[in-house]
Amino acid sequence: MIKRYKIGNPIPTDSVVKEIEIEQGNIPFWNVDQNGKSIFCSLDEDEVVYGLGETIRGINKRGWIYVSNCSDDPNHTEDKRSLYAAQNFYVIYSANKSLGMYVDTPGKVTFDIGYSDHDTFKITFDDFDANIYVIEGNGVKEIIKEFRELIGRSYVAPKWAFGFGQSRWSYMNEDEVREVLSEYEKCDIPIDSIYLDIDYMERYKDFTIDNDRFPKFPEFVSEMKAKDVHLVPIIDAGVKIEDGYDVYEEGVKNDYFVKKEDGERLVAAVWPGKVHFPDFLDENARKWFGLKYKRLVDMGIDGFWNDMNEPAIFYTEDHLQEVFQKIKCYENQNLDINSFFDFRGCVESISNNDEDYRRFYHNYKGQKIRHDKVHNLYGYNMTRAAGEAFKEIAPDKEILMFSRSSYIGMHRYGGVWCGDNKSWWSHLLLNIQQMPGLNMCGFLYSGADVGGFGADVTEDLMLRWVAFAIFTPLFRNHSAMGTRRQEFYRFKNKEAFKNLVELRYSLIPYLYEQYLEAINGNKLLFTPLSFEYPEDKRAFEAEDQLFVGDSIMVAPVYKQNTTGRYVYLPEEMKLFRFRSFEDYDEEVLGKGDHYVKCGLNEVLIFVRKGCELPLYKPAKRVALLDKEPAKTISF
Ligand code: GLC
């Protein structure tokens, strides 16, 4: 049962698809704080809090403070409070209680989940305006189902998008892309897509192609298509300010860019240099921008990733001037410790500055609204622009779409990737722990940059990461310019990578079917153990094991220099230790703790009692997979 409570005068977000009557009275279990900006409730000792989508730390969010404020921050360290997404749904859960809540408000919200006080959950609003949906039901899965029905059906990615994708910032020209493909083919490693980062564009201008680097782009797309390989270009939020660039000129002419209080268009800088930001919240601008994807769709493109849409701001003209003014005062000073830190803080304030997000306005549903009030809707509406346009320009085509920034509601138009993680072991664990929360919030097509985006990966980390990522819908190896090259063929143990990726292809029919079932049945693809075993305290503590679909559990190794790991089994299961599709051993393990060996070239799959896992003969492309499984493993 869903009840809706209204606080203040909330700005609509278009995140729910069902109209729920407003309930009078107080939110059950919750109190309003004296400060008039917060609500709080008490947490029992055994209660966990799951959800909040793409956030840092563990599956259980208790014991930290999370701020929904979509941010371009490439350092996803434990001390951070915000990442790229704002997905404000969670459940408070224990063996005898489950309560779901969706805090629907487009501005900044702080979730203090037992951080200030272990026994108190406190939510503080920048503006005390929100629709709060309280969901009670028969158990946690039922609550999630009801919530997902409330927010509407999740985006369905094409099946080929479950194939392996290779990406790197940057593949500079056609030949580099060809080389990537041919190296994968030489090693016999399956691959379905190659991603194009910003360098395919002419001076980083959206919807353009750099003709020197990609001289015959449509032909190149066809050449790849003929090999069953999809090219997936990036689209950034900012539109380059450049005379003669039609997207810029049309946007100016039709008033589609965000403006400041004085009516001047905001000038910010991102990868293209100076840009204007389209007002994706304005229906007309959204429509206009969405239809621009047609250019690439007409060239044969059937997949995109939307980036920099928090929006990321390297600097704004205005704030840069303020900083220049201010640092002049420091110029001939003998800086003492305080003035030095002031000076440094001043320079560091240049990017993604809070003040800048208060400097511009949207034309949203007939009203002029300052950006910070609706900040968390920006990336959502960029992806919505594309999703709405796809229905018009390619109604019969399945187009891959995922975004960096998101809000609930965007899950109907695309998936997400978890942004600029690092080649750290802790980020492999983070990837594992982010999946259930994302699924709860409707984001089924998701994944992280496999191997890590920033920093230098090691071969063992990459192998371990792949051994987990073969289960995530988005399975993409992406890395930053300047870091160690991490295409699988660059490593010594090419055979191990081949076997792992082949295993992924064997699993794709199962994964895709379970993925569709999660979408259609409003379920999770990645389920925490405690959802299945609410009475088992140990299941609540197993934060590094997940059920994937109905039949299997995974327990990835995420520590360096280890030959295995401890696994907790809440019931008897059959362990299959795969070295390849053909080569594996199996053993039945009883309920309880086990130290399970797992070599760098191995994957652990635990099959649940009474369950089956069909495995298909590995193919080099998703399109080439057989219709029937080659074998079925079961317990
Ligand atoms: C951002 C994206 C990253 C991309 C880079 C260059 O950092 O998150 O994936 O490679 O921009 O476009």
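Residues numbered from 1 in each chain as written. Predicted model: local features only at pLDDT ≥ 70, side-chain atom pairs only at ≥ 80, totals over all residues. Heavy atoms only, no water.

**Some words on the site of the ligand**
Point 1. Taken together, 13 residues sit near the ligand, with Asp 197, Asp 307, Arg 404, Asp 420 and His 478 positioned nearest.
Point 2. At 3.4 Å from an oxygen atom of the ligand is found a side-chain nitrogen or oxygen belonging to Trp 271.
Point 3. Taken by itself the ligand offers 310 Å² of open surface, and the protein chains cover 98% of this.
Point 4. Per-class residue counts for the shell around the ligand are eight nonpolar, one polar and four charged. (Near = heavy atom within 4 Å. Polar contact = N/O pair within 3.5 Å; in protein donor to acceptor, adjacent residues only side chain to side chain. Areas by Shrake-Rupley, 256 points an atom, 1.4 Å probe, with all protein chains shown as cover. Nonpolar A, V, L, I, M, F, W, Y, C, P; charged D, E, K, R; others polar.)

**Quick notes on the layout of surface pockets**
Point 1. What the largest pocket holds in volume is close to 380 Å³.
Point 2. At three residues, the largest contribution of residues to the lining of the largest pocket is made by helix H9 (residues 378–393).
Point 3. For the lining of the largest pocket, the per-class residue count stands at eight nonpolar, two polar and five charged.
Point 4. Taken as a whole, the second largest pocket spans an internal volume of roughly 310 Å³.
Point 5. The element contributing the most residues to the lining of the second largest pocket is helix H14 (residues 537–541), with three residues.
Point 6. Looking at the lining of the second largest pocket residue by residue, the class counts come to four nonpolar, three polar and nine charged.
Point 7. If you count residues domain by domain, the lining of the second largest pocket takes at least three from each of domain 1 (2–151) and domain 3 (512–634). (1 Å grid on protein atoms, 1.4 Å probe; cavity = no way out; pocket = protein on both sides within 12 Å on 5 of 7 lines; lining within 4 Å. Points joined across faces, edges and corners; volume = space filled by probe spheres on them. Helix = DSSP H or I, 4+ residues; strand = E, 2+ residues; numbered from the N terminus. Domains from an automatic or database assignment.)

**Quick word on the sheet that holds strand E11 (residues 130–135)**
Point 1. Pairing in this open sheet of five strands is antiparallel, and the strands run E1-E11-E8-E7-E4 from one edge to the other. Each end of this open sheet is capped by a strand with a single partner; those strands are strand E1 (2–7) and strand E4 (48–51). Taken pair by pair, the neighbouring strands of this sheet meet at an average axis angle of 20°, ignoring direction.
Point 2. As paired strands, E1 and E11 are joined by six bridges and run antiparallel to one another. From the neighbouring strand, Arg 4 faces E11, where its bridge partner is Tyr 133. (Pairing = 2+ DSSP bridges. Axes fitted to C-alpha atoms, helices over the stretch in contact; angles between N-to-C directions.)

**Observations regarding the domain arrangement of the chain**
Point 1. If you check the domain split of the chain, you get domain 1 (2–151), domain 2 (159–241 + 278–311 + 368–509) and domain 3 (512–634).
Point 2. Using only C-alpha atoms to locate each centre, domain 1 and domain 2 end up separated by 29 Å.
Point 3. In this complex, domain 1 contributes 46 residues to the contact, which on the side of domain 2 involves 39 residues.
Point 4. Both sides together, the interface formed by domain 1 and domain 2 hides about 3200 Å², and carbon and sulfur atoms give 55% of it.
Point 5. Summed over the three residues of domain 1 that lose the most area to domain 2, namely His 76, Tyr 84 and Gln 87, the buried surface amounts to 18% of that side.
Point 6. Remark: the boundary between domain 1 and domain 2 carries three salt bridges.
Point 7. A salt bridge links Asp 72 to Arg 404; its shortest N-O distance comes to 3.3 Å.
Point 8. Across the contact surface, domain 1 and domain 2 share 26 residue pairs in polar contact (both at pLDDT 80 or more).
Point 9. Top contributing element to the side of domain 1 that touches domain 2 by residue count: helix H1 (residues 140–151), with four residues.
Point 10. Class assignment of the residues belonging to the side of domain 1 that touches domain 2 gives a composition of 23 nonpolar, 16 polar and seven charged. (Contact = heavy atoms within 4.5 Å. Buried area = accessible area lost by both parts, 1.4 Å probe. Salt bridge = Lys/Arg side-chain N within 4 Å of Asp/Glu carboxyl O.)

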